[in-house]
Amino acid sequence: MAHIICITGGLTGMFNASLALVESLRRAGHQVSYASPANLGEAVSAQGIPYIQLDRWVMQSGDPPMGRWQQWRTLRSRQQRAVEALGVQNFVSTLRSLNPDLLLIDMEMQPHVMAAVMAGLPVALLCQFLSIWQRPHLPPIHTNIVPGQGWSGSAWSIVGHWWYHCWRKWLAFQRERWRRMGLDWISVLRCYAQQIGYPWQHVWPWDQWLLPYTHGQLPILCFNALELDFPHEPHPLMHYVGPMVLENRPESRVDISTEVALETIFERCRATGRSLLYCSCSTFAKNNQQFLQRLIAAIDSDWELILGLGGQLSVNDLPKLPQNVHTFTWVPQLKVLKQADCAINNGGINSINECLYFGVPMLVYSLHQFDQDGDAARVAYHGVGIAGDILRDSSQQIRDYLTSLLQEKRYKTSVESIRACCQRYRSENRVAQVVESLVRSLPVSHAAELGGIVS
């Protein structure tokens, strides 16, 4: 069996998904180690996974205040310090000593990916986003466009949105380059790429959503079900391996009193037939307290609502709560979703996948960040939930949406259909199938695809 190293930067969503990935690979008999520049050792070791602590990395290093002329005069030395802060000096030697057959690296850890590729190590990327490549009739993932619906869903409009997205990102990066005077993310990446000889000409593909993106020839493991996206022919580099959800993931921040209180709520719902709703408040944070007030006011007296504050809010930040609304600092989300009849989330793909995993219809209120609008549009398109408007929806509108999700069978039927697709990915252990195929092919294919730059 192969020795595989999984490498992530420590963000919660990717970390939780990667633990499920490791479990699937180990179930298939592979030896898997975990590495990160974040302090994940305790959580990873608790799962019985060998852990390698990588050097800390800094994405945006800073300078003391200085004039423009001094910034330009010291550009090279400042960029060199920023490159050193990336924490990749010992990365290759550390991994080579472990003799891996394949590295699975979070696609947003670009310096680590570049270092591994130039060292000749076999690399595949880990992706949480649904659709990062431009494909016929497939809109950018950050928009709420639905193909075939209205003028915005026409083929010409979709192509225009792709071009507009790329140009807007390009202009934003130019402004950031001037503002940061050579210490913006792209300039630092370019400096590092030049030092190691990485082919920087691939940094700005106009058919890709995640910009900047320098790895246009590397295979990608997408932690989603293709069936959740709009119908399209996927890019040949995208390997959909289904949602990565680990039911027994560690919940160290949840105390015993919370577990006991939740069990009491679950038992009351089972005994009385009351509907159980769940919302993670931390995703809506303090700048959306007005929405939370409207949500709380929308809860019917025959429902029970669990609010997970996630350390972002306290009870004092919320209005006076009725007896059927329960707040907790930290909530074991998967345990609650397993009992819930409906969930309210912000359109994050990890929350959506966890709802699908347990067959829970959802009310999505996008915060209009990253891929949330596109995820919400796909939830509504497939009928597994409703996409609301966080700024405009009144308490009555929210209550009407929740009533529909709880009472109309079409939502539950649609969720169960997508859930069945997700379960097939898991039962077939699709991620292990893809990884085993890559282990056989990557050591040869990387050099050819990158133009022979890999020794």
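Preceding block: the structure.
Throughout what follows, the structure given in this document is the object of discussion. This structure is a prediction, so every number in the text was calculated from the model and none was measured.

## With respect to the pattern of salt bridges
Using the criterion set out here, one finds 14 salt bridges in the structure. A salt bridge links Asp229 to Arg378; its shortest N-O distance comes to 2.6 Å. Of this pair, Asp229 sits in the loop between strand 6 (220–222) and strand 7 (238–240) while Arg378 sits in helix 13 (residues 372–381); the two residues are 149 residues apart in sequence, bridging distant segments of the chain. Across the pair Arg392 and Asp389 runs a salt bridge, and its minimum N-O distance is 3.9 Å. Relative accessible area serves as the criterion here: at 72%, Arg392 is assigned to the exposed category.

## Quick look at the sheet that holds strand 9 (residues 303–308)
Ordered in space as 10-9-8-11-12-13, the 6 strands form an open sheet in which the pairing is parallel. Every interior strand has two partners, whereas the edge strands, strand 10 (325–328) and strand 13 (385–387), have only one. The mean inter-strand angle of the sheet, taken between neighbouring strand axes irrespective of direction, is 15 degrees. Where strand 11 (residues 342–345) meets strand 12 (residues 362–364), 3 bridges bridge the pair, whose relative direction is parallel. Within strand 12, the residue paired with Ile344 across the bridge is Leu363.

## What about the sheet that holds strand 3 (residues 51–53)?
Within the open sheet, the 7 strands sit side by side as 3-2-1-4-5-6-7. Their pairing is parallel. Unpaired on one side and paired on the other, strand 3 and strand 7 mark the two borders of the sheet. The sheet shows a mean angle of 25 degrees between the axes of neighbouring strands, taken without regard to direction. In the packing of helix 6 (residues 110–118) onto the sheet, the strands contacted are strand 4 (102–106) and strand 5 (123–127), and the crossing angle to strand 4 comes to about 160 degrees.

## Details of the nonpolar core
Among soluble globular proteins, nonpolar side chains are generally buried collectively. Of all hydrophobic cores here, the largest spans 91 residues; its most connected members are Ile7, Phe91 and Ile306. Per-element tally for this core: the top contributor is helix 8 (residues 185–196), with 7 residues. Excluding its chain neighbours within four sequence positions, the residues that come into contact with Ile7 are Ala35, Leu54, Phe91, Leu95, Leu103, Leu104, Ile105, Asp106 and Met109. Leu102, Ala124, Val435 and Leu438 belong to the second-largest nonpolar core, a separate cluster that totals 31 residues.

## Quick notes on the pairing of strand 11
On strand 11, burial covers both faces: Cys342 and Ile344 on one face and Ala343 and Asn345 on the other are all buried. Bridge analysis of strand 8 (residues 275–280) against strand 11 gives 3 bridges, and the strand direction is parallel. Across the sheet, Tyr278 pairs through a bridge with Ala343, a residue of strand 11. Considered for its hand, the β-α-β crossover made up of strand 11, helix 12 (residues 349–357) and strand 12 is right-handed.

Rules of the game
Residues numbered from 1 in each chain as written. Predicted model: local features only at pLDDT ≥ 70, side-chain atom pairs only at ≥ 80, totals over all residues. Heavy atoms only, no water. Salt bridge = Lys/Arg side-chain N within 4 Å of Asp/Glu carboxyl O. Helix = DSSP H or I, 4+ residues; strand = E, 2+ residues; numbered from the N terminus. Buried < 20%, exposed > 50% of the residue type's maximum accessible area, 1.4 Å probe, protein only. Pairing = 2+ DSSP bridges. Axes fitted to C-alpha atoms, helices over the stretch in contact; angles between N-to-C directions. Contact = heavy atoms within 4.5 Å. Core = buried A, V, L, I, M, F, W, Y, C linked by side-chain atoms within 4.5 Å. Right-handed = clockwise from strand over helix to strand, strands pointing away.

Any link to function would need more than the numbers given here.
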